[in-house]
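What the coordinates show
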Amino acid sequence: MKIEIDPNAGFCFGVVNAINKAEENLSKDDQLYCIGDIVHNSIEVNRLNDLGLQTIEHDEFKGIKERKVLFRAHGEPPSSYRIAKKNKIDIVDATCPVVLNLQKRIKKSFRELKKVNGQILIYGKKGHAEVNGLVGQTSGKAIVIETTKDLKSVNPDLPSELFSQTTKTLEGFNLLREELQKIMKAPFKAHDTICRKVANRVPLIKEFAQKHDVIVFVSGKKSSNGKLLFDVCKGINRNSYFISEPQDIDVSWFANAKSVGVSGATSTPGWLMNEITEKIKLENKINISMSRIKKIGVLTSGGDAPGMNAAIRAVVRTAIFNKLEIVGIKQGYEGLINGDFKKMKSHDVSNILQKGGTILRSARSEEFRTVEGRQKAYQQMLDNKIDALVVIGGDGTFSGARIFTQEHDIPVVGIPGTIDNDLYGTDYTIGYDTAINTVIDAVDKIRDTASAHNRLFFIEVMGRDAGFIALRSGIATGAEAILIPEKETHAKELQAYLEKGYKEHKSSGIVIVAEGDKSGGAYTIAKEIEKEHPEYDIRVSVLGHMQRGGSPSAFDRVTASTLGVAAVDALLDDQKSIMVGMVHGDVTHVPFNKTIKNKKKVKDTYLRINEILSI
Ligand code: F6P
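Note that the structure is a prediction, hence the values are computed from the model and not measured. For every chain, the first residue of the written sequence is number 1, and numbering continues from 1 onward in sequence order. Where local features are concerned, this predicted model is filtered to residues with pLDDT of at least 70; where side-chain atom pairs are given and counted, the filter is 80 or more; whole-chain, interface and lining totals use all residues. For the side-chain quantities, the full set of heavy atoms in the structure was used; hydrogens and water were omitted.

1. Description of the domain arrangement of the protein chain
In this entry, domain limits derive from an automatic or database-based domain assignment. Domain boundaries assigned for the protein chain yield domain 1 (7–96), domain 2 (98–194), domain 3 (215–290), domain 4 (295–426 + 553–597) and domain 5 (432–551). Spacing between the C-alpha centres of domain 1 and domain 2 amounts to 26 Å. Buried area adds together the accessible area that both of two parts lose upon being put together, with accessible area traced by a 1.4 Å probe. The three residues of domain 1 that bury the most area against domain 2 are His74, Pro78 and Cys96, which together make up 53% of that side's buried surface. Each polar contact in these results corresponds to two N or O atoms within 3.5 Å; when the atoms are within protein, one needs to be able to donate a hydrogen and the other to accept it, and residues that are neighboring in sequence are counted only if both atoms are side-chain atoms. At the surface where domain 1 touches domain 2, the tally comes to 4 residue pairs in polar contact (both at pLDDT 80 or more).

Structural data, given as structure tokens:
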């Protein structure tokens, strides 16, 4: 959507001059009075009031003595100058030069006409400040004509001259002149005293209103110029809206608009139109993203992890909360390729928060690794009108998602779900905490039997090529040694270390071995140690897939719920190819590129802790 501020809108010279004078004086003195609102725009008046400008009415003005008073652009009648003189008031005269000139002309004509008992006619708004100033030049004798109805007050037998308030329309003035010419019997002269800066705005604003789908017209409610220009806009473009401040914007006005024009009266400050333009842009951005994504698909892919169900539940319910449609995609990317979709309702995710596994089931799809497979998946999304995806899984899942978003313009947000905790950009992945608790439960049990038989156990834990599970569970179980891929294992060192422990005090030993450790896994390292120490009673236990099962821990449930909400929020916020993660307890958005390319490091502090505590 394009948005343009009307280049012809904004303060006219007279208003700019008055505001400059007010600001200039307020920078020297902290108080300045002004008779009536300096400009018919309450926001600008409030801004100047905050700087010390005090708005007073004519009655109050009469009582003020020896102070500075600003006469605004509209001008003042001679009576105000007389009061000022009497009360020793220092006048800051900001009367617009166009108005001042008009006052002089009216005064002169009035003097001339007085000699022939003539009359001054003023086309203008009764009670308007400028009109009062003009009428004042005729000692209150001028006849103010607002509409042709007022013509009945005009005596056609008296010589007359017609003037106009500077901000009236040419059209209205010409009409009145014609009417008067028809009825006048005595000599009649009409003076077109309309300010061209203002009058020219009418044809210009017509063009502007025609150019845009929607017009937002900004003006104070008291501005007669504002009302006039808005009526012109509305006549040309029925999608024209009158507002006075940013809060008045209704985002539904822009639903189908390709271009929006922001215009204003001669009393509308430029900064206010800028502020309103920014607000429209912002609100419309939210609106566009809300309207663009109507249906989301959610899938779980790769190795399942406890807490995936809690994440599915959070995604489904957040989508429904935002009035979006949500479909569950079965068996990860396989289901996406094959169109294995199920429309999800809130009750479909009832009672799953506490369950291990994934109700959507999971797979490692070979076909999705191919261009053709991804093309099929894209076609399924188009056919089923799915606008965006939330994928829950690990680095393999995100690599697939990244390439998919590159090939097809589909927004995808990832939720880290893997027991391995090996994703860069998040402190925790969903399932990691539960897996560690499962491991420590198993290791504690093994410890019982190891002590009973004075045995040395090599326990292999999962983690693919990362040592996060091993390291943390090793510390939590008081393992004698922890072997992880991130740190080189020296069999000799390990031997010496175990020997020392056995000689000194230990009745059992636990060595946690990450499956990805370079030594080759628990069986291999156990064999090596056995060769050197046939006296050790060694056993090996590979914990295997039990680590992936079970009811998620409280921590995983909360993380899954938080990230599920964050994923849908991110899609609605126009995010396209990112993982939502948790860093220091806060949600983060990490581009897939970053999380895939970078390797998460194990914390050195944990390595040190283990070294100290396993002596
Ligand atoms: O990524 C999770 C994980 O459990 C790894 O720890 C392990 O290496 C791998 O999955 C096992 O994969 P699969 O279940 O396909 O045998």
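2. Some details on the UniProt feature "binding site: (2E)-4-hydroxy-3-methylbut-2-enyl diphosphate" (unreviewed entry) in the protein chain
Look at the UniProt record and you will see "binding site: (2E)-4-hydroxy-3-methylbut-2-enyl diphosphate" (unreviewed entry) annotated at His40, His74, His128, Thr166, Ser223, Ser224, Asn225 and Ser267. Helix and strand assignments follow DSSP, with helices taken as H or I runs no shorter than four residues and strands as E runs no shorter than two, numbered in order from the N terminus. Secondary-structure assignment places histidine 40 in the loop between strand E2 (32–35) and helix H2 (42–51). Only protein chains enter the accessibility calculation, which uses a 1.4 Å probe; a residue whose area is less than 20% of its type maximum is buried, one above 50% is exposed, and one in between is partly exposed. When its relative accessible area of 15% is taken as the criterion, histidine 40 is described as buried. The criterion used for residue contact is that any of the two residues' heavy atoms lie within 4.5 Å. What histidine 40 contacts, discounting residues up to four positions off in sequence, is Arg72, His74, His128, Gly220, Lys222, Ser223 and Ser267. Take histidine 128: it is sitting in the loop between strand E6 (119–123) and helix H6 (129–136). In this structure histidine 128 comes out as buried when scored by relative accessible area, which is 10%. Those residues in contact with histidine 128 that lie beyond four places of it in its chain are His40, His74, Gln165 and Ser224. UniProt positions are given in the numbering used here, feature names are shortened, and annotations may be inferred rather than shown by experiment.

3. Considerations on unusual backbone geometry
We note that lysine 88 has phi near 50 degrees; this positive angle belongs to a residue other than glycine. Given a relative accessible area of 59%, lysine 88 falls into the exposed group. In this structure, lysine 385 is a non-glycine residue whose phi angle is positive, near 55 degrees. With relative accessibility at 64%, the residue lysine 385 sits in the exposed group.

4. Thoughts on the site of the ligand
It suffices for a single heavy atom of a residue to lie within 4 Å of a molecule or strand for the residue to be listed as near it. Taken together, the residues surrounding the ligand are Arg364, Thr418, Ile419, Asp420, Met462, Gly463, Arg464, Glu515, His545 and Arg548. The contact in question runs from an oxygen atom of the ligand to an N or O atom on the side chain of glutamate 515, over 2.5 Å. A distance of 2.8 Å separates an oxygen atom of the ligand from a polar atom in the side chain of arginine 548. Within the complex, 75% of the 390 Å² of free accessible area of the ligand lies under protein. Gly counts as polar in this scheme, as do all residues outside two lists: the nonpolar Ala, Val, Leu, Ile, Met, Phe, Trp, Tyr, Cys and Pro, and the charged Asp, Glu, Lys and Arg. When its residues are assigned to classes, the shell around the ligand shows 2 nonpolar, 3 polar and 5 charged. The residues that make up the shell around the ligand include at least three from each of domain 4 (295–426 + 553–597) and domain 5 (432–551). The method behind every accessible area is Shrake-Rupley, applied with a 1.4 Å probe, and residues are considered shielded solely by the protein chains displayed.

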